[in-house]
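Report on the structure
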Amino acid sequence: MDDNADRAAVARDLMKEIDRRIGAYDRAGAVEAALRAAREGVVSVPELHTLVLAPLMALVGARWQAGETEVWQEHHATGIVRTIVESLAPLVHEQAAQVPRNGRTAVLACPPEEMHDLGLRMLLDRFLLAGWNAHFLGADVPQEEIALAVRALEADLLVLSAATHYHRLRLRALVDGLRQAAPGLRVLVTGSAFAHGHDGWADDEVLAPATDLQEL
Ligand code: B12
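Residues numbered from 1 in each chain as written. Predicted model: local features only at pLDDT ≥ 70, side-chain atom pairs only at ≥ 80, totals over all residues.

As a further point, take the overall build of the protein. Counting secondary structure elements, the protein contains eight helices and four strands. For a compact globule of 216 residues, the expected C-alpha radius of gyration is about 17 Å, and the protein comes in at 18 Å, within 12% of that figure. Based on the C-alpha atoms only, the size of the protein along its principal axes is roughly 50 × 45 × 30 Å. Counting only residues that meet the buried cut, the protein has 28% of its 216 residues in that class. A separation threshold of at least 6 residues defines the contact pool for the protein, and within that pool the share at least 24 residues apart is 73%. (Helix = DSSP H or I, 4+ residues; strand = E, 2+ residues; numbered from the N terminus. Rg over C-alpha atoms; globule rule 2.2 N^0.38 Å. Buried ≥ 20, exposed ≤ 12 C-beta atoms within 10 Å, placed from the backbone. Contact = placed C-beta atoms within 7 Å.)

The structure is reproduced here in structure tokens:
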């Protein structure tokens, strides 16, 4: 087995273990399994995000959609995954301190009424680990507050994330408005609403998950 296949297999096993522990309502065990793997370098933080936690959340969503689980179980699982991501902040800051800083600042936010901020929260860590100075504003941020934040934080880049098609449509007007208010600001959109294509958006307006953030 090559190294990539090896790491993918390790990540799959870790996802199964975290999933099993969440299913058994073993919050401490699920968090500890993820933290141990990241601290020991069994998976890197970006691998934990993309190969373990994102597929786990897709599985959680699919089970709910198939009627196999209740909404509260999806909320329960989401809460534990969020705890895992937040618990890794000290490790991320420690690792980011070893990476040469690029002197650029990114602001990450969800547009008004968009509640899916977990993927964007993971992206914050990946920006920090790629040498950016980055700030996360979270879910459902009013347009005026986004405009104030990019100015106050002297952002070079604004990343807006949407998970639902409905929010993706409203994002067009929001992005155009923000660009008018802050000419020269680079604005990118991302999130699972764009996972199956980005009609109505130019290629260079969309941040795809495979993008090398150091090259942005
Ligand atoms: C957790 C969750 C919630 C939580 C959000 C918690 C939070 N704070 O983030 C809560 C309960 C709030 C929620 C609410 C709703 N949700 Co919800 N939710 C999910 C769930 C289960 C997981 C999302 C997640 O965190 N994934 C983990 C992160 C890391 O993954 P990600 O953001 O998707 O990003 C990955 C990929 O998408 C991809 N990717 C990301 N960006 C990009 C960009 C490009 C260009 C590409 C190519 C790929 C890509 O790479 C990432 C890493 O692998 C998904 C199921 C699913 N399959 O995604 C549904 C899902 C996103 N929700 C959905 C819906 C419909 C809703 C509700 C409308 C439900 C309702 N009737 O109330 C509300 C809307 C709330 C709102 N106003 O925003 C739909 C969206 C359908 C659509 N496309 O329009 C989904 C897909 C479920 C489904 N299959 O129906 N939800």
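There's plenty left to go through after this.
Take the domain arrangement of the protein next. Interface size is commonly expressed as the accessible area that is lost once the parts come together. Partitioning the protein into domains gives domain 1 (3–95) and domain 2 (101–215). The interface is formed by 13 residues belonging to domain 1 together with nine residues belonging to domain 2. Here the side of domain 1 that touches domain 2 gets seven residues from one element, more than from any other, and that element is helix α3 (residues 45–65). Looking at the side of domain 1 that touches domain 2 residue by residue, the class counts come to eight nonpolar, four polar and one charged. (Domains from an automatic or database assignment. Nonpolar A, V, L, I, M, F, W, Y, C, P; charged D, E, K, R; others polar.)

Right, let's talk about unusual backbone geometry for a bit. Positive phi, normally seen in glycine, also occurs at glutamate 113, with a value near 75°. If you trace the backbone, glutamate 113 turns up in the loop between β1 (105–109) and α6 (118–129). Unlike most non-glycine residues, glutamate 154 shows phi in positive territory, near 50°. Along the chain, glutamate 154 falls in the loop between α7 (143–152) and β3 (157–161). Judged by C-beta crowding, with 10 C-beta atoms within 10 Å, glutamate 154 ranks as exposed.

So, on to the packing of helix α1 (residues 3–23) against helix α2 (residues 27–39). Between α1 and α2, the shortest axis-to-axis distance is 8 Å and the interhelical angle comes to 160°. As the angle between them shows, α1 and α2 are arranged roughly antiparallel. The handedness of the crossing between α1 and α2 is left-handed. Of α2, the residues touching α1 (which contributes Leu14, Glu17, Ile18, Arg21 and Ile22) are Gly29, Ala30, Ala33, Ala34 and Ala37. (Axes fitted to C-alpha atoms, helices over the stretch in contact; angles between N-to-C directions. Parallel < 35°, antiparallel > 145°, perpendicular 65-115°, else oblique. Left-handed = near helix turned anticlockwise from the far one by under 90°.)

We now examine the site of the ligand. Lining the immediate environment of the ligand, one finds 31 residues, of which Ala54, Gly61, Met115, Gly119 and Ser192 sit closest. When residues of the shell around the ligand are traced back to their parent elements, those giving at least two are α3, α4 (71–87) and α6. Taken together, the residues that form the shell around the ligand break down as 15 nonpolar, twelve polar and four charged. Taken domain by domain, the shell around the ligand gets at least three of its residues from each of domain 1 (3–95) and domain 2 (101–215). (Near = placed C-beta within 6 Å.)

By way of backbone hydrogen bonds, the strands of a sheet pair with one another, either parallel or antiparallel. Taken together, the four strands give an open sheet; going across it, the order is β2-β1-β3-β4, and neighbouring strands pair in parallel fashion. Each end of this open sheet is capped by a strand with a single partner; those strands are β2 (133–138) and β4 (186–190). Neighbouring strand axes in the sheet, compared pairwise and without regard to direction, differ in orientation by 20° on average. Pairing analysis gives five bridges linking β1 to β2, with the strands arranged parallel. Its bridge partner being in β2, valine 107 is matched across the sheet by histidine 135. This element, α6, spans β1, β2 and β3 of the sheet and lies at about 170° to β2. (Pairing = 2+ DSSP bridges.)

Helix length check: α3 (21 residues) gives 28 Å between terminal C-alpha atoms against 30 Å at 1.5 Å per residue, within 8%. The principal kink in α3, of about 30°, is found at leucine 53, preceding the proline proline 55 by one to four residues. Residues of α3 that are buried: Leu48, His49, Val52, Leu53, Leu56 and Val60. Looking at the buried positions of α3, the neighbouring elements they touch are α1, α2, α4 and α6. (Expected span 1.5 Å × (residues − 1). Bend = angle between axes of the 7 residues up to and from the residue.)

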